[in-house]
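# A look at the structure
This is what each chain is made of:
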Amino acid sequence: MGTERGTAPLVVLSATAVPPWLDALPAAFATLWERAPWVPAEDRFAVELATTEIAANIVRHSPSPESVEVHAELDADAGRVRVTLRDSAPAADVDLDPGMPGPDAESGRGVALARSCVDRLEHVPGRGGGGNVWLLERTTGAARPVPDDRD
Amino acid sequence: MRLDVEPLDGTGAIIAPVGRLTLTTAAQLREAVDDLVANGRARLVVDLGRLEFVDSSGLGALVAGLRSARAAGGDLRLANASPQVATVLRLTNLDRVLRVHEDAASALADG
């Protein structure tokens, strides 16, 4: 069930890129973990946090969020969790490996935090030159090589 | 998210966020802290015991709260963080400025 490449993702969520979309993510993840109960709690939390950060970025940086469509695919197999977010916003210009801001900063931690929670974080322009595709992937459970403590 | 606020003697308060502290709810915490500080309550403890989830926007609200409490001669301290919330504080290096105490009483007693 969805554990082989090429099959449909376990959970799909389509919405408009306004804040209520962010509030719909927890339920989507709850469904994913019901369908992929083998994923350890620590990995669930890390992927959910990274996804929340990237999703919040899409909402925050879309010039008119109410006209931006977002499509999320959440998937897991025995060794990893993979999240793909597609949005119809203008192509984003984003540094996916920024340093962590100093402790006094009130903002700017989102992408750095997402980066520290997944093993793969990629952004590519959408097909046909419109929109963005965000790919997040975390190796999970016994497949994780060493505790990921990058900061 | 719900915020339970419990005033404490004349100058303090315990703030307990219940649920998810994220982009959509962080402003609520900022406003609550600003209100308390404006009313002379700048010795604040944020009890994280019933916080299910925090993201970078929520962390930003905590940093803002720490700043306004300190600017008013008080402080903002954290208590009762789950292992997950403690991990987020560590990954963002915020554990250096927002130390987590075991409970609200020890957070208030410290220093």
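First, a word on scope: everything that follows refers to the structure included in this document.

The rules behind each value
Residues numbered from 1 in each chain as written. Chains lettered and ligands numbered in written order. Predicted model: local features only at pLDDT ≥ 70, side-chain atom pairs only at ≥ 80, totals over all residues. Pairing = 2+ DSSP bridges. Helix = DSSP H or I, 4+ residues; strand = E, 2+ residues; numbered from the N terminus. Right-handed = clockwise from strand over helix to strand, strands pointing away. Contact = placed C-beta atoms within 7 Å. Nonpolar A, V, L, I, M, F, W, Y, C, P; charged D, E, K, R; others polar. Axes fitted to C-alpha atoms, helices over the stretch in contact; angles between N-to-C directions. Buried ≥ 20, exposed ≤ 12 C-beta atoms within 10 Å, placed from the backbone.

What follows deals with the pairing of strand S2 (residues 12-21) of chain B. Residues and elements named next belong to chain B. Across seven bridges, the pairing between strand S1 (residues 2-8) and S2 is antiparallel. What sits directly across from Val-5, in S2, is Ile-15. Judged from the four bridges that link them, S2 and strand S3 (residues 43-47) form a sheet pairing that is parallel. Of the residues in S3, the one forming a bridge with Ile-14 is Val-45. A crossover connection joins S2 to the parallel S3 through helix H1 (residues 26-38); in handedness this β-α-β unit is right-handed.

Many descriptions give the size of an interface as the accessible area lost when the pieces come together. The interface is formed by 19 residues belonging to chain B together with 21 residues belonging to chain A. Where the side of chain B that touches chain A is concerned, the elements lending two or more residues are helix H2 (56-71) and helix H3 (83-91) of chain B. Classifying every residue of the side of chain B that touches chain A by side-chain character gives eight nonpolar, eight polar and three charged.

Strands in a sheet are paired, the pairing made by backbone hydrogen bonds, and the direction either parallel or antiparallel. All names here are of chain A. The five strands are arranged S1-S2-S3-S5-S4 in an open sheet whose pairing can be described as antiparallel. The sheet terminates laterally at strand S1 (11-16) and strand S4 (120-125), the two strands that pair on one side only. Going from strand to strand, the sheet's axes swing by 15° on average, the running direction of each strand aside. When strand S2 (residues 69-76) meets strand S3 (residues 80-87), the two strands line up antiparallel, connected through seven bridges. Bridged to Ala-76 within S3 is Val-81.

Across a regular strand the side chains alternate sides, sitting on one face of the sheet and then on the other. All names here are of chain B. Most of strand S5 (residues 75-79) sits out of view: four of its five residues are buried. With five bridges connecting them, S3 and S5 associate as parallel partners. Bridge pairing in S5 links Asp-47 to Ala-79. Looking at chain direction, S5 and strand S6 (residues 100-101) are connected through two bridges and run parallel. Across the sheet, Ala-79 pairs through a bridge with His-101, a residue of S6. Taken together, S5, H3 and S6 form a β-α-β motif whose crossover is right-handed.

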